[in-house]
Every structure is written in C-alpha cells, then in structure tokens.
Amino acid sequence: TPIAQIAARFLKDDAGPIAAVMEMSGWDTHANQGIDQGPLARGLSSLDDGLEAFKQEMGPAWANTVVIIATEFGRTVAPNGANGTDHGTGMVAFLAGGAVRGGRVLADWPGLERNALYEGRDLRPTTDLRAAFKGVLSDHLRVPNAALERDAFPDSGSVRGIQDLLRA
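This report concerns the structure included in the present document. (Residues numbered from 1 in each chain as written. Predicted model: local features only at pLDDT ≥ 70, side-chain atom pairs only at ≥ 80, totals over all residues. Heavy atoms only, no water.)

Locating glutamine 33 in the fold gives a position in the loop between α1 (2-12) and α2 (39-58). Separated by 2.8 Å, the side chains of glutamine 33 and threonine 85 make a polar contact. (Helix = DSSP H or I, 4+ residues; strand = E, 2+ residues; numbered from the N terminus. Polar contact = N/O pair within 3.5 Å; in protein donor to acceptor, adjacent residues only side chain to side chain.)

A few words on the environment of proline 79. When you line up the elements, proline 79 lands in the loop between β2 (74-75) and β3 (87-88). Separated by 46 residues in the primary sequence, proline 79 and glutamine 33 have C-alpha atoms spaced 8.9 Å apart. Sequence-distant contacts of proline 79, that is, excluding residues within four places in its chain, are made with Gly84 and Thr85. (Contact = heavy atoms within 4.5 Å.)

Counting 8 residues, the largest nonpolar core is built from Ala4, Ala7, Ala8, Phe54, Met58, Trp62, Val67 and Ile69. Mapped by element, the contributors of at least two residues to this core are α1, α2 and β1 (67-69). If one sorts the elements of this core by residue count, α1 sits on top with 3 residues. Sequence-distant contacts of isoleucine 69, that is, excluding residues within four places in its chain, are made with Leu47, Leu51, Val92, Ala93 and Phe94. (Core = buried A, V, L, I, M, F, W, Y, C linked by side-chain atoms within 4.5 Å. Buried < 20%, exposed > 50% of the residue type's maximum accessible area, 1.4 Å probe, protein only.)

Glancing now at the side chain of threonine 76. Within the fold, threonine 76 resides in the loop between β2 and β3. Of note is the side chain of threonine 76, whose polar atom sits 3.1 Å from the backbone oxygen of alanine 78. Aside from chain neighbours lying at most four places away, what touches threonine 76 is Thr85, Asp86, His87, Gly88, Arg121 and Asp122.

A few words now on the packing of α1 against α2. Following both chains from N to C, one finds α1 and α2 inclined at 30°, their axes separated by 8 Å at the closest point. One finds that α1 runs roughly parallel with respect to α2. Classified by chirality, the crossing of α2 by α1 is right-handed. Here Ala4, Gln5, Ala7, Ala8, Arg9, Leu11 and Lys12 of α1 come into contact with α2, specifically with Gly50, Ala53, Phe54, Glu57 and Met58. Split by residue class, the contact of α1 with α2 holds 7 nonpolar, 2 polar and 3 charged. (Axes fitted to C-alpha atoms, helices over the stretch in contact; angles between N-to-C directions. Parallel < 35°, antiparallel > 145°, perpendicular 65-115°, else oblique. Left-handed = near helix turned anticlockwise from the far one by under 90°. Nonpolar A, V, L, I, M, F, W, Y, C, P; charged D, E, K, R; others polar.)

Encoded structure:
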C-alpha cells in the first residue's frame, strides 16, 4: 500500500504525471493456489488494500481517476495436480475510479462447459483487451485513435475501443 499511496501523491499533483503503471507479482499460482488462505486469496487481499490506499490518498482527485487492473495472461479453468492452475488464455480486466461508469460486466460469457472452453482447457476469450485500453486512452486521456493504432497498439486497426466506459 505505500507504493499505491506514493503513486497517488504524484498523480494528484497538478504538476505531476497524468498516468502511472504499477506492477504486482505473485499471481503465478501453479501449486497450492488455495481458496481462503492460499496465495491467490493473499494476492487479491493485497490488491484490494492497495486500491483502497490509492483511493484514499487520491482524495477528491479520485472523481477524475481511471484505474485499469489487467493481467498479461489467464489461468486454466480446472486445477492441476498440484492444486493450482496453469497459464491460460481468457482473463479478466477491471476498471475502477470515480471517472468510470461502473456497475457493469462487459463481456460475452462463453460458459465453462468443456465444449465452450478454448482448446478444451481455458476460458474462451471474447473481448480483445486492447479494446478496453483504447476506449480509456481515447475517452479519458484524449489520445487520438490514429496514435493508438500507430504507436500504442500497432496493427490493431480492426480492434475498436470500447465506448461508454467513463462517466459523461
């Protein structure tokens, strides 16, 4: 939480940066993932504590804030023999912050039946994560679409940014 508070201090300063990236490790839960007490539960608790500390430190600036919580890969649907999960395909991303038009799930739910899984083992991806990033960068930071497609996400012209993620 101290890192989240420090980031918030920089971001809420009028002369500070307009964006920051924070990384949190410990999500590679191949063994003994646990439900209530394992590394996944501890990671989620730490993420929750960090977000709360960030929000509190932002104070009134939270109203104009967007936080994107994303991972670089998903986990398999079924546990492995070591009571963990292996690297998978489908994943989830969350948006938080006072500027977010929240309270919704934006996805097509493919289901967890075996015939609905990607390659028979992973949650089937239904949304390109770049669409969420493009939507936020375009609407919140006013990055032009041409720059998003040319500089931020090359060769992504077929991926349209998700609209209406933010409050009007």
